[in-house]
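# Understanding the architecture of this molecule
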Amino acid sequence: MFTNSINGPLAVSVRQLRDFAWIHIRACSFAIALLSGVAASTVLPHLPVARYDLLVAYGALLTLLFWLRGWENGRDIAVIAVCHVIGLAFELVKVSLGSWSYPEPAVLKFAGVPLYGGLLYAAVGSYVCRAWHLFDLELVRYRPRATAVVAAAIYVNFFSHHWLPDVRWLLAGLLLAVTAGTSVRYTVRHVRHRMPLAFSFVLIGFFLWVAENLATYVGAWRYPYQLDGWQPVAADKFGAWALLISITFVLAAVGRSHRREDSISDTRPRPGARSPSVPGNGEPGLP
């Protein structure tokens, strides 16, 4: 009995952690499939179509598959498309400044950036949207306007610091301030948990840094110090991703809030109809 009393809670915790990891893997399915395609493309025989162009078609097919299978809905696709566009804008500036490069030729390439480069940011958007569904995420005490303003400033600073003072540490402090008291509620094995939103940004930023190491290893793009052979991505990129994920999160939160408004409007009583009961979540700022 004494052994069971120790092993019981421990076994439950292990199952919770296992399922938590498995749900994250499912949420990363688009990113995993995309990186697998990038890796596979490096061993393809010589083809008349450039590898970067093939990856554009592959990414489009993945997006279509996820939509047809119902793994992502129309609002998710819209969020992912916006992530693709702002990612391409980010790439155009960074590549023009020599921060990294796409050394291979392609038809669908403009100013040194292949169209498929935006898919890497779309994969992050897909992860956030799928995690929102799979974990049944809810936001507690979320400040949408303040968080969006700081996230936008973070995005701009990653451009402007090439000409103006780099204020990322100031913006990191502001992000902590506007997310202070904000937490994410999520479900694992029918049990609700809570995590500070800022801490979730740090965790996601770390795993995106790991993913960036994998992506550069399989030739998704190259940093200048990787042109003569792969080397690990600099550790400061971990912090950069922890900040940049706030932009994707804000976009996903906007999509979820619009979806909730639509669902509420659909349940409003029509003239002469009985008023249906609309369950509330009882938490401020929930998506």
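Residues numbered from 1 in each chain as written. Predicted model: local features only at pLDDT ≥ 70, side-chain atom pairs only at ≥ 80, totals over all residues. Heavy atoms only, no water.

Let us now look at the side chain of Ser-246. Considering the arrangement of structural elements, one finds Ser-246 in helix 9 (residues 236–266). On the basis of relative accessible area, Ser-246 is assigned to the buried category, the value being 0%. A polar atom in the side chain of Ser-246 sits 2.6 Å from the backbone oxygen of Leu-243. Not counting the four nearest positions on each side in its chain, Ser-246 is found in contact with Ala-151, Ile-154, Leu-175 and Phe-201. (Helix = DSSP H or I, 4+ residues; strand = E, 2+ residues; numbered from the N terminus. Buried < 20%, exposed > 50% of the residue type's maximum accessible area, 1.4 Å probe, protein only. Polar contact = N/O pair within 3.5 Å; in protein donor to acceptor, adjacent residues only side chain to side chain. Contact = heavy atoms within 4.5 Å.)

What follows covers the pattern of salt bridges. Pairing between side chains becomes possible if they bear opposite charge and their charged atoms approach one another. All chains considered together, the criterion is met by 7 salt bridges. Of the charged contacts in the structure, one is a salt bridge between Arg-51 and Glu-104, with a shortest N-O distance of 2.7 Å. With a gap of 53 residues between them, Arg-51 in helix 3 (residues 51–68) and Glu-104 in the loop between helix 4 (74–96) and strand 1 (109–110) connect regions that are remote in the sequence. Close ionic contact of Arg-185 with Glu-138 constitutes a salt bridge, the shortest N to O distance being 3.6 Å. With Arg-185 in strand 4 (residues 183–188) and Glu-138 in strand 3 (residues 138–140), the pair connects residues that are 47 residues apart, well separated along the chain. Exposure class is identical for Arg-185 and Glu-138. Each is buried. Three or more residues are tied together by salt bridges with common partners; here these are Asp-136, Glu-138, Arg-185 and Arg-192. (Salt bridge = Lys/Arg side-chain N within 4 Å of Asp/Glu carboxyl O.)

Across 6 bridges, the pairing between strand 4 and strand 5 (residues 191–196) is antiparallel. Residue pairing for strand 5: Val-184 is matched across the bridge by Met-195. Counted along the chain from strand 4 to the antiparallel partner strand 5, the turn is 2 residues long, and its residue Arg-189 has a positive phi close to 55 degrees. (Pairing = 2+ DSSP bridges.)

Turning next to a nonpolar patch on the surface. Taken together, the side chains of Phe-199, Val-202, Leu-203, Phe-206, Phe-207, Val-210 and Leu-214 make up a nonpolar region of the molecular surface, amounting to roughly 600 Å² of accessible area. Structurally, Leu-203 can be placed in helix 8 (residues 197–217). Relative accessible area serves as the criterion here: at 31%, Leu-203 is assigned to the partly exposed category. (Patch = residues over 30% accessible without salt bridge, like charges linked within 9 Å, V, L, I, M, F, W, Y side chains within 5 Å. Areas by Shrake-Rupley, 256 points an atom, 1.4 Å probe, with all protein chains shown as cover.)

With that out of the way, let us pick up the sheet that holds strand 4. Sheet architecture is open: 3 strands sit in the order 3-4-5, paired in antiparallel fashion. What marks the edges here is a single partner per strand, and that holds for strand 3 and strand 5. This sheet shows a mean twist of 30 degrees between the axes of neighbouring strands, independent of strand direction. Pairing between strand 3 and strand 4: 3 bridges, direction antiparallel. Of the residues in strand 4, the one forming a bridge with Glu-138 is Arg-185. Where helix 8 meets the sheet, its contacts fall on strand 4 and strand 5, and the angle it forms with strand 5 comes to roughly 85 degrees. (Axes fitted to C-alpha atoms, helices over the stretch in contact; angles between N-to-C directions.)

Look at Arg-189: it is not a glycine, yet its phi comes out positive at around 55 degrees. By secondary structure assignment, the location of Arg-189 is in the loop between strand 4 and strand 5. Classification of Arg-189 by relative accessible area gives partly exposed; the value is 40%. Within the chain, His-190 stands out as a residue other than glycine whose phi angle is a positive 65 degrees. Looking at where His-190 falls in the secondary structure, it is placed in the loop between strand 4 and strand 5. Look at His-190 and you get exposed, because its relative accessible area is 81%.

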